2 protein chains.
Amino acid sequence: MPNLASIAFTLQRDSKDPLFVQLCDQIRQRIVSGWLLQNSQLPPSRRLATDLGISRSTVVTAYEQLVAEGYIEGRTGAGFYVRELADLDPQDSARNAAPSSPISSSIPDATPALHPGYPDNRLFPYRQWTRCLARTARLTPEALIVGKSPFGDLPLRQSIAAYLADWRGLDIQPEQVMITAGSVDALENCIRSLAMPGDVIGLENPCYRPLRNIAANQGMRIEWLSVDAEGAEIPSESRRTATPKMVILTPSHQFPLGGAMPVNRRLEYQQWANANDAWIIEDDYDGEFRYAGRPIPALASLDTSGRTIYIGTFSKVFAVSLRLGYLIMPPPLIARFADTLAKFGVKAALPCQRALANFIDSGDFYRHIRRVRRIYAERRRLLLDLLQQKMSHFVALQDHQAGMQVTVTLAPGLDDREICAAAGARGLLAAPLSSYYGAGEASHGLLLGFCPYSEDEIRDYVAVLSELLEARQRRVQSLQSVF
Amino acid sequence: MPNLASIAFTLQRDSKDPLFVQLCDQIRQRIVSGWLLQNSQLPPSRRLATDLGISRSTVVTAYEQLVAEGYIEGRTGAGFYVRELADLDPQDSARNAAPSSPISSSIPDATPALHPGYPDNRLFPYRQWTRCLARTARLTPEALIVGKSPFGDLPLRQSIAAYLADWRGLDIQPEQVMITAGSVDALENCIRSLAMPGDVIGLENPCYRPLRNIAANQGMRIEWLSVDAEGAEIPSESRRTATPKMVILTPSHQFPLGGAMPVNRRLEYQQWANANDAWIIEDDYDGEFRYAGRPIPALASLDTSGRTIYIGTFSKVFAVSLRLGYLIMPPPLIARFADTLAKFGVKAALPCQRALANFIDSGDFYRHIRRVRRIYAERRRLLLDLLQQKMSHFVALQDHQAGMQVTVTLAPGLDDREICAAAGARGLLAAPLSSYYGAGEASHGLLLGFCPYSEDEIRDYVAVLSELLEARQRRVQSLQSVF
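Residues numbered from 1 in each chain as written. Chains lettered and ligands numbered in written order. Predicted model: local features only at pLDDT ≥ 70, side-chain atom pairs only at ≥ 80, totals over all residues. Heavy atoms only, no water.

1. Description of the side chain of Asp284(A)
Residues and elements named next belong to chain A. For clarity, the cut-off: Secondary structure elements are defined from DSSP: runs of H or I of at least 4 residues count as helices, runs of E of at least 2 residues count as strands, and each element is numbered from the N terminus. Any residue under 20% of the maximum accessible area for its type is buried, any over 50% is exposed, and the rest in between are partly exposed; the area is computed with a 1.4 Å probe on protein chains only. By the criterion applied in these results, polar contacts are pairs of N or O atoms within 3.5 Å in which, for protein atoms, one can donate a hydrogen and the other can accept it, and in which residues neighboring in sequence qualify only through two side-chain atoms. Residue contacts are defined here by distance: any two heavy atoms, one from each residue, within 4.5 Å place the two residues in contact.
Secondary-structure assignment places Asp-284 in the loop between β8 (279-283) and β9 (308-313). With relative accessibility at 2%, the residue Asp-284 sits in the buried group. Side-chain polar atoms of Asp-284 contact the side chain of Ser-252, separated by 2.6 Å. Each residue touching Asp-284, except ones within four places of it in the same chain, is listed here: Arg-168, Ser-252, Tyr-310, Ile-311 and Gly-312.

Rendered as structure tokens:
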């Protein structure tokens, strides 16, 4: 057992990062760099706390975070061990070891243009944002009109670089940031910069629907990657004719199934990309919304060879209609992305970029995220409780403690498109899980949003949806008894 | 000769439209509708003026506008006649009958991201716009954040419909307007809505460069349409294997050659689209910038069977960085475009849409256009005069009295890419005409911007460019004398 205390840890009491975060970061770094070997045991929390002169709960919190991220695992009665990073048995994942018991579900008000996974516009910080916008327009009017770089406004690129360092563990320069008109624009720029029509692209099955439309529209051949409990499986050489030129992954929170990719598979993906001269596009669409622990560092933060392009968006944490997102280019690719913008044009609007930079730098943006995350956590908890209480006969789910929608699978015999259509007719919004699959057998389930609804609205709609599912299951049962 | 005065003209002295505009609109309507037959003679201006009780100069101005638009032609000593709309002889076009004599050229300051054809950001109405933006943010903050339709903010769609009725002769409903993230986004939405990968698309040769990149990227087979003095030629059945599913045209001001498509070819295009079940995309990128007469009505205004999609942009008349444009959908296509947005996502940012609507409705937008058009007309005049005075040995041009750049062709032996590279090294910006061709023999020439430069800047840069061209021509001549 290595004496972790003997490593030159640099815990700083006056840092803005809490001690548990510093400890967690430094242990993780030592695992990723290979300093801490697979299967090696971590010191008992009490001893490490004494050695470092910190409280035991600080060590315990750091260990729990590393368990959640998949770097270490607890073995009953035997303490904590560094996970075998090459071990691909999904049952081995601490995160996924205990599937939640089947519980029940509901969905709230449907206005046109609302989808599960949207934020609550009623929580938008209108006063702070319009004040910031007006002040920015008054003080730097030319920043709203005169673009100096096709990659976007430099102050915003600086704010994003700082934000990603704090929240997603990315160590990048502002010059690597390209501002885009949302995630889809970012994905299109990646495909146009890094692939040719006819190339194979690996997509998660199921995945975000516009993704497969874009890929097909741009002449890519789609290779569907099955999603297991650890996320998308690695493209396997043996059973395929062509190796994907790129894969698009949602490692923080698989869309739409939920679940985070543990570090072993993340590292295996990096190895795969290196070995196959391929690109990994990390679509971190809602990485900020983890309700237990702190956000898991991005897959891109493990990349040591510049093969991962990270995509983020302000649609989820700020407002969909802002149409601003970003992608992070490994430095050698900057010229290639610039060339793509020159060839295909820039789509991201400039006018709000400086204001958003000021909003981030002022701290209002972080306050807003913390506030909505707290509220969404409560709404999510309520939805899960109600699913458990009222609908456990119809639906099953795993609690991934993350994201902006809950995905449940349906009891056998229930058709998700039929149920979503019936829900729509009652004014409820739910998206059918089966519609997100591109190939093979599709699970039937429901994507249920909770962010845009008040607790009362969630209660009302669970009642309606549960009534609807009951009626439908009665029909299924009566049909079964007839035939 | 029909007695035009006997037609129930409805000239209104208290209308916001001048009498000559009303007369011109009504004669045009009667030509397009077939009431006035081809080759029929118009009454002498003096007699029509007496009959209508208006001044002769009003009639003359209306006739001159109709000549410029290609609806009528003057025959020496014989008055004005309705043109044969089926007549395709380019020499017959009054507009193009007299090619300008060869004159000379220059180009101004190059900052990164500036291209010929860009507006002058120094003329941007910062004070009025930021005041409008701040007031909109204060009064209707939710309009900056909450989108009600994927097609964009309804008040802006209403303002655009009114604007197009006034300026481009389009009679449309706000529901037909889709707000886009600039022209390229509009073009991508058209291709995705109306064509399938593998379909043939007709593009003007030469054309706007991103256009061919987009078309190729989306798997379209490109059919190049030669551009003659009347614009792009009609795709001909005989010499091709597949008929284009759509053509993309710049009828107001061919990009980059200049020149407007006369009404006969416009009508022939409409007939072609009807006969071939094809779509016409009218890219009216700078239709507002006509320096003689008023803007020529859009090709889409002649469409009686819903086969033309009109695309406009605020990049030229307002600011490139705003990244807002629009497309006009014939009503039966609205559902198809909505489906495309659902499949591929919306890229146009909402936050400035309401403010822009308010800016248009307040009249500040129209005042801005009139102001910059007057200034650009002066700058353009100066550039043309200097080209004539200092560079007529090297370059030739036709004066199309429209647009935001001047395209000149180069004297034989001069290579446009080489000259543009040399100009770039001296800090001057010019784009090589040959790079806009997609097939066949490319003319060598220069695209010279004038909008973003003051008169002093234009003088400075004509001097530098002319010096540069002289040196280059001396080298070409000395090489010729050696070999």
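Next, the rest of the story.
2. As for the sheet that holds strand β11 (residues 395-396) of chain B
Residues and elements named next belong to chain B. We count it as follows: Strand pairing requires that DSSP identify at least two bridges connecting the strands. Helix axes are fitted to C-alpha atoms over the stretch in contact, other axes to C-alpha atoms as well, and angles between N-to-C directions run from 0 to 180 degrees.
Pairing is antiparallel in the open sheet, where four strands are placed in the order β11-β12-β14-β13. In this open sheet, the two edge strands, each paired with only one partner strand, are β11 and β13 (431-432). Relative to strand β14 (residues 445-449), β13 runs antiparallel, the two sharing two bridges. Pairing of Pro-432 across the sheet is with Leu-446, part of β14. The strands that helix α12 (residues 364-390) touches are β11, β12 (405-410) and β14; relative to β12, the one it contacts most, it runs at about 15 degrees.

3. A short note on the state of the cysteines
All names here are of chain A. Basically, it comes down to this: When the sulfur atoms of two cysteines come within 2.5 Å, that pair is taken as a disulfide.
Applying the stated criterion across every chain yields a total of zero disulfides over all chains. Cysteine Cys-451 shares no disulfide, and the gap to the nearest cysteine sulfur, in Cys-420, comes to 18 Å. On the accessibility criterion, Cys-451 (0% relative accessible area) is buried.

4. Observations regarding the pairing of strand β12 (residues 405-410) of chain A
Residues and elements named next belong to chain A. The element β12 is largely enclosed, with a buried count of five among its six residues. Sheet topology places strand β11 (residues 395-396) next to β12; two bridges connect them, and they run antiparallel. When the bridges of β12 are listed, Ala-396 appears paired with Thr-409.

5. Considerations on the interface of chain B and chain A
Where we set the bar: Buried area is calculated as the accessible area (1.4 Å probe) missing from two parts once they are joined, with the contributions of both summed. Here, a salt bridge means any Lys or Arg side-chain nitrogen found within 4 Å of an Asp or Glu carboxyl oxygen.
Listed per partner, the contact involves 37 residues of chain B and 37 residues of chain A. Where chain B abuts chain A, roughly 3,500 Å² becomes buried across the two surfaces, and 64% of that area is made up of carbon and sulfur atoms. Interface area lost by chain B to chain A is led by Ile145(B), Asn217(B) and Lys347(B), which between them contribute 20%. In this assembly, chain B and chain A are joined by four salt bridges. Its salt-bridge partner being Glu188(B), residue Lys347(A) comes within 3.1 Å of it at the nearest N-O pair.

6. Thoughts on the relation of the copies chain B and chain A
Copy one and copy two of the chain differ by a rotation about a common axis and a shift along it. Stated formally: The copies were overlaid with a least-squares fit restricted to C-alpha atoms from residues scoring a pLDDT of at least 70 in each copy.
Mapping chain B onto chain A calls for a screw motion: a turn of 180 degrees about the axis and a shift of 0.0 Å along it, with 0.1 Å RMSD after fitting. In the structure described here, the two chain copies are related by an operation that fits a two-fold rotation axis. Interface residue correspondence from chain B to chain A reaches 97%, placing this contact among same-surface, isologous pairings.

7. Describing the environment of Ser226(A)
All names here are of chain A. Within the element layout of this structure, Ser-226 appears in strand β5 (residues 221-228). Among the residues examined, Ser-226 registers a relative accessible area of 39% and is labelled partly exposed. Each C-alpha atom, one on Ser-226 and one on Tyr-437, is 9.9 Å from the other, the two residues being 211 residues apart in sequence. Leaving out residues up to four positions away in the same chain, Ser-226 has contacts with Asn-205, Gly-231, Ala-232 and Glu-233.

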